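Architecture and fold: a report
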Amino acid sequence: MLKVNLYLFLFIFLPFALLAQHKISGKVTDSKKHPLPGVNISIKGTYDGATSKADGGFSFTTDATGDQVLTAVLTGYQLLEIKISTDNAEQLSVILRNDVNALRLVTISAGSFEASDSKKGTVLKPLDIVTTAGAGADITNAIKTLPGAQQANDREGLFVRGGTGYETQTLIDGMLVRNPYASTTPDIPGRGRFSPFLFKGTTFSSGGYSAQYGQALSSALVLESNDLPQRSSASIGLSVIGVSGGLENLSKDKKTSWGVEGDYTNLSPYYSVTNPRQTPNLGPEFVTASMNFRRKTSSTGLLKFYGYGNWGKLGFSSPSIEYPGDTESYKVRNGNIYTNMTYKENLGRDWRLYIGASFSTNSDNINTDTLIKAPVPTEIRIQSTLSQSRVMFTRNLGQFSSLRLGGEYQYATEKFSFNRTPFNYADNYVAGFTEADIYFTPSFVGRVGGRAEYSSVLERMNIAPRLSLAYKLNTLSQFSIAYGDYYQKPEPQYIRFDHGLGYMKATHYIASFQRVASDYTFRTEIFYKKYTDLVKTIPNYNNNGKGYAQGVEIFWRDRKTFKNVDYWISYSYLDTKRDYLNFPKEVQPDFAATHTASLVYKHFFPKLATNLGFTYTFATGRPYFNPNLPADKFMSEKTIDYHALGVSASYLTTIRKAFTVFVLSVSNAPGNKQVYGYHYSSDGLRRGEITPNLPRFVYIGMFMSIGTDRRQDVLNNF
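Here the structure is a predicted model, which means the values were calculated and not measured.

**A short note on the overall build of the protein chain**
Regarding its fold elements, the protein chain presents seven helices and 39 strands. For 718 residues, the compact-globule estimate of 2.2 N^0.38 gives 27 Å, and the protein chain sits close to it at 27 Å. Counting only residues that meet the buried cut, the protein chain has 51% of its 718 residues in that class. Taking as baseline every contact in the protein chain between residues at least 6 positions apart, the subset at least 24 positions apart corresponds to 61%. The averaged location of the 60 negative side-chain charges in the protein chain is 4 Å from the averaged location of its 76 positive side-chain charges.

**A closer look at the pattern of salt bridges**
One pass over the full model with this rule turns up 25 salt bridges. Between glutamate 414 and arginine 178 there is a salt bridge whose closest N-O contact spans 2.7 Å. With a gap of 236 residues between them, glutamate 414 in strand 21 (residues 401–418) and arginine 178 in the loop between strand 10 (175–177) and strand 11 (199–205) connect regions that are remote in the sequence. You can call arginine 178 partly exposed: its relative accessible area is 25%. For lysine 489, the salt bridge goes to aspartate 427, with nearest N and O atoms at 2.7 Å. One end of the pair, lysine 489, is in the loop between strand 26 (477–488) and helix 6 (492–495); the other, aspartate 427, is in strand 23 (residues 425–441), and 62 residues separate them in sequence. Judged by its relative accessible area of 14%, lysine 489 falls in the buried class. Via salt bridges that share partners, Asp154, Arg155, Asp590 and Arg622 belong to a single interconnected network.

**Some points on the nonpolar core**
Leu158, Phe194 and Tyr338 are the most contacted members of the largest nonpolar core, which has 28 residues in total. A per-element tally of this core places helix 4 (residues 139–143) first, with three residues. Once residues within four sequence positions are removed from consideration, phenylalanine 194 is found in contact with Ile139, Ile172, Val177, Pro180, Phe199, Tyr306, Tyr308 and Tyr338. Residues Leu501, Met504, Leu581 and Phe583 belong to the second largest nonpolar core, which totals 23 residues.

**A short note on unusual backbone geometry**
Glycine 283 connects to proline 284 through a cis peptide bond whose omega is -5 degrees. With respect to the secondary-structure elements, proline 284 resides in strand 16 (residues 279–296). The peptide bond linking isoleucine 538 to proline 539 adopts the cis configuration, its omega dihedral lying at -5 degrees. Along the chain, proline 539 falls in the loop between strand 28 (520–536) and strand 29 (542–558). If you check the backbone angles, glutamate 459 has positive phi at about 55 degrees while not being a glycine. Secondary-structure assignment places glutamate 459 in the loop between strand 24 (444–455) and strand 25 (460–472). Judged by its relative accessible area of 65%, glutamate 459 falls in the exposed class.

**With respect to the sheet that holds strand 5 (residues 67–73)**
Sheet architecture is open: four strands sit in the order 3-2-5-6, paired in antiparallel fashion. The open sheet has two edge strands, strand 3 (49–51) and strand 6 (80–85), and neither has a second partner. Going across the sheet, the axis of each strand differs from the next one's by a mean of 20 degrees, ignoring polarity. Of the strand pairs in this sheet, strand 2 (residues 40–43) and strand 3 are connected by three bridges, and their pairing is antiparallel. For serine 42, the partnering residue across the bridge sits in strand 3 and is glycine 49.

**Describing the side chain of serine 225**
In this structure, serine 225 sits in strand 12 (residues 219–225). Given a relative accessible area of 6%, serine 225 falls into the buried group. Within the local environment of serine 225, its side chain forms a polar contact with the side chain of aspartate 173, the two groups lying 2.7 Å apart. Among all residues touching serine 225, those that are not within four sequence positions of it are Asp173, Leu198, Phe199, Lys200, Arg294 and Lys304.

**Some remarks on the sheet that holds strand 4 (residues 57–62)**
Sheet architecture is open: three strands sit in the order 4-1-7, paired in mixed fashion. Two strands bound the open sheet, and with one partner strand each, they are strand 4 and strand 7 (92–96). Each neighbouring strand pair of the sheet contributes to a mean axis angle of 30 degrees, computed without reference to strand direction.

**Quick look at the pairing of strand 5**
Of the pairings in the sheet, the one linking strand 2 to strand 5 comprises four bridges and is antiparallel in character. Opposite isoleucine 41, over in strand 5, you have alanine 72 as the bridge partner. In this structure, strand 5 lies alongside strand 6, joined through six bridges in antiparallel fashion. Among the inter-strand pairings, glutamine 68 is bridged to a residue of strand 6, identified as isoleucine 84.

**Points about the packing of aromatic side chains**
Taken as a whole and judged by the stated rule, the model has 28 aromatic pairs. An angle of 35 degrees between the planes, with centres 6.2 Å apart, marks the rings of tyrosine 509 and tyrosine 528 as tilted. Placement of the pair is tyrosine 509 in strand 27 (residues 504–516) and tyrosine 528 in strand 28, with a sequence separation of 19 residues. The exposure class of tyrosine 509 is partly exposed, given its relative accessible area of 42%. Since its relative accessible area comes to 32%, tyrosine 528 is described here as partly exposed. Consider the rings of tyrosine 601 and phenylalanine 614, whose centres lie 5.3 Å apart with planes at 20 degrees: the pair is stacked. Linking tyrosine 601 in strand 31 (residues 595–605) with phenylalanine 614 in strand 32 (residues 610–619), this pair joins segments that are 13 residues apart in sequence. These aromatic residues form a ring-pair network of at least three members: Phe416, Phe423, Tyr494, Phe497 and Tyr541. Just above the ring of phenylalanine 527 sits the side chain of arginine 161; from NZ or CZ to the centre is 4.4 Å.

**Some points on the domain arrangement of the protein chain**
Looking at the protein chain, the domain boundaries give domain 1 (21–99) and domain 2 (112–377 + 553–716). Distance from the C-alpha centre of domain 1 to the C-alpha centre of domain 2: 38 Å.

**Examining the environment of threonine 202**
Along the chain, threonine 202 falls in strand 11. Given the relative accessible area of 6%, threonine 202 is considered buried. For the pair threonine 202 and alanine 619, spaced 417 residues apart in the sequence, the C-alpha separation amounts to 25 Å.

**Quick word on a nonpolar patch on the surface**
On the surface, Leu238, Val243, Tyr264, Val287, Trp311 and Ile337 cluster together to form a nonpolar patch covering roughly 510 Å² of accessible area. Here valine 287 lies in strand 16.

**Re the environment of glycine 309**
The topology assignment puts glycine 309 in strand 17 (residues 302–319). Taking C-alpha positions, glycine 309 is 8.7 Å from threonine 339, a pair spaced 30 residues apart along the chain. Apart from the residues within four sequence positions on either side, glycine 309 is in contact with Val287, Thr288, Ala289, Asn336 and Ile337.

Rules and cut-offs
Residues numbered from 1 in each chain as written. Predicted model: local features only at pLDDT ≥ 70, side-chain atom pairs only at ≥ 80, totals over all residues. Heavy atoms only, no water. Helix = DSSP H or I, 4+ residues; strand = E, 2+ residues; numbered from the N terminus. Rg over C-alpha atoms; globule rule 2.2 N^0.38 Å. Buried < 20%, exposed > 50% of the residue type's maximum accessible area, 1.4 Å probe, protein only. Contact = heavy atoms within 4.5 Å. Lys, Arg positive; Asp, Glu negative; His and termini not counted. Charge placed at Lys NZ, Arg CZ, Asp CG, Glu CD. Salt bridge = Lys/Arg side-chain N within 4 Å of Asp/Glu carboxyl O. Core = buried A, V, L, I, M, F, W, Y, C linked by side-chain atoms within 4.5 Å. Pairing = 2+ DSSP bridges. Axes fitted to C-alpha atoms, helices over the stretch in contact; angles between N-to-C directions. Polar contact = N/O pair within 3.5 Å; in protein donor to acceptor, adjacent residues only side chain to side chain. Phe/Tyr/Trp six-rings, centres within 6.5 Å; stacked < 30°, edge-to-face > 60°. Lys NZ or Arg CZ within 6 Å of the ring centre and 35° of its normal. Domains from an automatic or database assignment. Patch = residues over 30% accessible without salt bridge, like charges linked within 9 Å, V, L, I, M, F, W, Y side chains within 5 Å. Areas by Shrake-Rupley, 256 points an atom, 1.4 Å probe, with all protein chains shown as cover.

This is the structure in structure tokens:
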């Protein structure tokens, strides 16, 4: 009887349910009426859409009613938005026009991955970063799957092409971030402070970068924050290590927005059941708060403000190698504030203005001790502040060429005390730059420029020329070369003891070839980098260090060969040696591996609304110092090869009106043994391995958003 009633119910009401949906169909062609496959077509503001087939045809249904906006997107073509009525939207004729800039115009690309810019061939979107297995939603960890980056996971920062983590600088909207990573303890890398969803664009430059940026010998990570949101939204996150929440509000006239976000992380419960290698004796516990403000000041003007604050404490203890039976303890309490305000506006007559200012402060209170043996702990206090301002004018020259000129000023203070003995200094840094992109033809461009810098603490000035050329071989392929000199002040830990040090210098030579289509990216690059004036600490502080790095890199990404699959492969060969710090001769440094490779695989199952992925990373062993060997064998031994396999799964659903994602992620799932180096006692008789604090990390979380649907971003990735 029940089954009969069910059939009766369906017979009566199913036709009405079907009638509530509207069919949208048609065909997409170019201006010459050639069918276009692979075009993403959707109703704006909904999840309803489809991808055009080989004959350009498409069809889907929608619950939306009345007048709607249909969008059509394909790399190499102009974005199309047309008004339709869902009551009469079958057999639509959609015509896309070529994007001249995308198809014909060559861009400067040597050494630079333009990530998250759909007009330049996207490499990594913010959601790519979040869904990369093993990356832990950390920008730096995701960038490590790209060529050029090393797997130096026992220390903070991006180690690129033979450079140290200090030689990579992070910038937000053109402004330097003095402390982009959370403070941590020795052998445990600090996590990046900023969420990838804050940024609409990410440029990872592994060399040969613009004269706009300075004080980075090896690499620049340039982050461009979001503009006004499309709508108001709220978010809630819950995981095994903490909670988070955020609110984003867009005014009714859509000219002003503000947002606040906060999160709390406590790793103590997690560590209490996972038995880490080092025993927690403080926290780890972190509180983060941030806010943003956006104001559209005119049709071409935009004011942005971003403020961030983080307070954390963590500490670990481990058996002493130097004193058998004793325990080494290290505790750090950190406070960090970063603020950033920028303003952009067209001035007329092809001139554009950019102004920026920021302030940041970071303090680390460190107590380190050998328990039992040393009754009084060692106290280290570090406080650094940075105030900076920046202005840049841009003028269009003809249809494609442009000129940029500007300057920046930084005032930095470094206060350091060791058991209350101070070592402080302040620095006034001034820089000016000019640079022009000159298009000889739409297929041939040259970028020429230079940068001049002066530091009061070094009492020195430098002038750094930069030159890049790029030639487009056809619609998809181009060849580029780049050359430039790059200077950087020595790390504060050396300047504070010797103000007589000078700039370190690196000269870059790069040649690259890339082929970028809507569904794949291929890129290969060779480089040579020469280091001079590196800091030496023996027999005293000086700039007599030197070195080099050279290598070959390959990157391949494919989104269409396998249905609902997105994967990329990267490989780096690195030959590098340097004589710096206390090295007795020029050798391969302990953070550099000769061969590094990554495979990132993501598979989306539409019927299950589930995304599965894995990331496999390999690196050959790194050199380490064994004090028991003679001087001519310095750094001659190497660690075991590095293997890591991260896996992740995310399930997309809705709970009431909240778009919800459940995430499961496991780093180093098989638990492969990873050794980054060794610590030796001063007599060389005992040593301890430097390994991850946990063999694997299991993350389970749930994220809910109201107003903004991250699920659609996931779907668009495939």
